[in-house]
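Structure at a glance
One letter stands for each residue in the lines below.
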Amino acid sequence: MKKTLLGLLSLVAVEATAQKNPAIAPEDLTGMRAIGSPANPKIKMAWNNYADYTQLTAFCQNLAKAHPDYVKLESIGKSVEGRDLWMLTVTDFKSGNPNRKPGFFIDGNIHANELQGSEIAMYTAWYLAENALTIESIKELLRDKVFYIAPSVNPDSREYFIHSANNANSSRTGRWKLDDDGDGLIDEDLLDDLDGDGNIVMMRRKSSTGRFKADPENPLRMIPAKQDEPGEYEMLGYEGIDNDGDGQVNEDVTGTYDPNRDWAWGWQPDYIQRGALYYPGTLPETKAVKNFVVSHPNIAGAQSYHNYGGMFLRGPGAAEDEPFYDRSDVSVYDFIGKLGEKMIPGYNYFVIHKDLYTVYGGEIDWLSLNRGIFTFSNELMTSYKLFNAKSSESRFANTEFYDFDKYLLFGDAYVPWKKVNHPQFGEIEIGGPKKNYIRNHPGFMLQEDAHRNMAFTILHAMQMPKLDVIEVKQKALAGGLTEVTATVINQRIIPTHSSHDIKYRVERPDYVSLKNAQVVAGMLVENEDFGQTKEQIYSPERLEVRNIPGMGGVKVRWIVKGKLDKAQIEVDSQKGGLVTKAL
C-alpha cells in the first residue's frame, strides 16, 4: 500500500513539474511520446483526412486561440464566392516585431483538387506552434523568423471538390462562371453524377469496334486491345450528359481557367498559355496574395504546395527566363533541392521548363523574379510512395495503384463497373478511381508526407539570412577622431538580396548605421589589407550595402568625432531583419 501511494505521489509530481516547466516535453502518462511529435498538443489533430472550409476555418481559429503568443489569424481578402482567405502568422511574438524578421511565405491548394497542399500547410503551422516551447531549434527559428501560412488560396473550388461530384482531375480551377464553349450560355453542361455516389468516373460501352478490353487479371482495369485483336469496349470519357444538345459532353463546366497562370511575370493570354484570364491579377484570390506579399518585403523564402509527381520545382517556368537565374542563386536552390531528395525518398529536384513543361504567368516566377524571393513549388504524392520503388513499366502495364488498393486499401479506392442507362448512349457501364485517389494521399500516408514536406520547408526557412555584427574595432585618430570598423556577417546560405534582385533593384539596399554618434565620414571597406575603401558622401552615418552574401559578410567603417559611450550599430535589412549592437 505504501509503495502504491508513493507511486501515485510521484506521478502527480511529474505531471505538476511538466505543467510548471513547459520547456520540457512531458511524456504522456498513458504511454510514451513518439520522437519528433508534440507531447500533449493543445489542438488534437488526426492528419488522415481532408478538411472542408468549415473545418479549415475552425482549425485556424482554434490554433490562434490556443497559442496567442505564437499564432495570429487574419483574412487577407475574399474569394469569388465570398469566403475569407485565411492567413496564419506564426512566430514568437514576444521576441520582436514580426515584420522586421525574415519572413517565409507558404500557400497551398491554388489548384482545388490538389487537396493535401492545405493539409501540409496546416500541419506546418500546427507543428511549429505545438513545439514552440519543447524543441530548441523550433524555439530559435520562431524567435528569429516569421511564417506566413495561407492554407487554401482557392477555398471555393476546394469546397466544391469535397462536397460535389468530381473526378481526380476536375475542379482544378476556381468558381468564376464563364461561357467556355462560346454558345452564349454559362456553365450549362456540367459534370453529371449518373449514380449519385459523389464520384465522376469513366463511362464505357460494349462495342464490336471498340479498342479497349477489361484486364483479364483485374476486371477494374481497362487496357488497350493488342493491334491484331478485337476490343470489347469503347471509352466514352467521364460521367456526363449532353445537357445543351450540342453533341458534346461536359464541355462547359465551372471555371476552366487556371489560377496559377494569373501572375505578373511572363504572363501570356489564353491562346498561348491555356488557363490564363484577361490580364495578370484578374482573380480576387491571386490579387489578395500579391497584395499581401508586396506589403511584406521581409519575405525572403516561399513555398507553394501542389500535386502530383513528387517534385521540388524551381523556376524558371519558361526557357527564355533562364538568364534571370544567376549561378549564385542557382547554387542556393541546388543546396536545398538536393538535400530535399534525401529527406523525401522518391521526390526529385527539377527545373520547371526543363523537366516538366513550360509555364507562363506562374506564381513561382512572380515570387522569384518579381519579388526576389527564393521559392520552391512541391508537387506532392508520387507512385514511388506506394511500394517505395520506382516502376519502369509503361502506363498501361503499370498496376501499382490497383495493387495498392487491393493489398493496402482493401478495395476502397475504386468504384466497380456497374450498368446504368444513359439518355444519349443507352446502356453503358461506369467505374474507375474515386475522386480522392491517385492524386491525393491515402489517409495513413498523409501525415508522413506532411511531416517530410514540412521539414523541407523548415530547412529552407532556416537558411534565410541570419545577421550579426562582429569584430567591432576602434582606433584613435588625430584631432579627437575615432575610426570604428565593424564586420556584418550572414550565417546562412541565402543572401539578403538574390543576384536577380541586385541587378534589377527589386528591394532597397541594406542599411548599416552608426547611431548616437557624430559621424563625419562613412565608407565600405573593400579590402582591409590594402586599405581600399569606398566612401559614401551623403548620409555617412547610414551606409547603403547592396547585399550581405550567404555565409559571408561585409565590412564597414566610420570616422567619428567625440564620445562613443552611447553609440550602437544597427543593421536594417528588408529580408535579413533588424540587428543592433552597442559599442
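One structure accompanies this document, and this report is about it. (Residues numbered from 1 in each chain as written. Predicted model: local features only at pLDDT ≥ 70, side-chain atom pairs only at ≥ 80, totals over all residues. Heavy atoms only, no water.)

**Regarding the sheet that holds strand β16 (residues 481–490)**
- With antiparallel pairing, five strands are arranged side by side in an open sheet as β15-β16-β21-β18-β19. The two strands at the open ends of the sheet, each matched to only one other strand, are β15 (467–476) and β19 (532–535). Averaged over all neighbouring strand pairs, the angle between strand axes comes to 30°, with direction disregarded.
- Relative to strand β21 (residues 553–561), strand β18 (residues 518–527) is paired through seven bridges, and the arrangement is antiparallel. Counterpart to G522 in the pairing with β21 is W558. (Pairing = 2+ DSSP bridges. Helix = DSSP H or I, 4+ residues; strand = E, 2+ residues; numbered from the N terminus. Axes fitted to C-alpha atoms, helices over the stretch in contact; angles between N-to-C directions.)

**A few points about unusual backbone geometry**
- Geometrically, the link from G315 to P316 is a cis peptide bond, its omega value of 5° lying close to zero.
- Structurally, P316 can be placed in the loop between β10 (311–314) and α7 (327–343).
- Residue N109 is not a glycine yet carries a positive backbone phi of 70°.
- The backbone of E471 sits at a positive phi, close to 50°, despite the residue not being glycine.
- Tracing the backbone through its elements, the reader meets E471 in strand β15.

**Comments concerning the nonpolar core**
- Grouped together as the largest cluster of nonpolar side chains are 57 residues, with contacts concentrated most on F59, V90 and F147.
- Sort the elements by how many residues they give to this core and helix α3 (residues 116–130) lands first, with nine residues.
- Sequence-distant contacts of V90, that is, excluding residues within four places in its chain, are made with Y70, V71, A125, L128, L142, K145, V146, F147 and I149.
- One finds A486, L543, W558 and V579 within the second-largest nonpolar core, a separate group that totals 20 residues. (Core = buried A, V, L, I, M, F, W, Y, C linked by side-chain atoms within 4.5 Å. Buried < 20%, exposed > 50% of the residue type's maximum accessible area, 1.4 Å probe, protein only. Contact = heavy atoms within 4.5 Å.)

**Regarding the packing of aromatic side chains**
- Counted under the stated rule, the structure contains 24 aromatic pairs.
- Consider the rings of W47 and W126, whose centres lie 5.5 Å apart with planes at 65°: the pair is edge-to-face. Of this pair, W47 sits in the loop between α1 (2–20) and α2 (53–66) while W126 is found in helix α3, placing the two residues 79 residues apart along the sequence. Considered together, W47 and W126 belong to a single accessibility category, that of buried residues.
- The ring of Y160 has R175 sitting right over it, with the charged end atom 3.9 Å from the ring centre. (Phe/Tyr/Trp six-rings, centres within 6.5 Å; stacked < 30°, edge-to-face > 60°. Lys NZ or Arg CZ within 6 Å of the ring centre and 35° of its normal.)

**Overview of the side chain of K101**
- Within the secondary structure, K101 is located in the loop between β2 (84–90) and β3 (103–108).
- Summary of buried charges: K101 has no salt-bridge partner, and the nearest side chain of opposite charge, D92, is 5.7 Å away.
- At 2.8 Å, the side chain of K101 forms a polar contact with the backbone oxygen of D92.
- Side chain to side chain, K101 and S95 meet in a polar contact 2.8 Å long.
- Sequence-distant contacts of K101, defined by excluding residues within four places in its chain, comprise T91, D92, S95, G96, L142, R143, D144, K145, V146 and N298. (Lys, Arg positive; Asp, Glu negative; His and termini not counted. Salt bridge = Lys/Arg side-chain N within 4 Å of Asp/Glu carboxyl O. Polar contact = N/O pair within 3.5 Å; in protein donor to acceptor, adjacent residues only side chain to side chain.)

**Quick notes on the pairing of strand β14 (residues 426–433)**
- Where strand β5 (residues 202–206) meets β14, three bridges bridge the pair, whose relative direction is antiparallel. Looking at the pairing, M202 lines up with G431 of β14.
- The sheet contact formed by strand β13 (residues 414–422) and β14 spans seven bridges and is antiparallel. Residue V415 lies in a different strand from β14, and its bridge partner there is G432.
- What sits between the antiparallel neighbours β13 and β14 is a turn of three residues.

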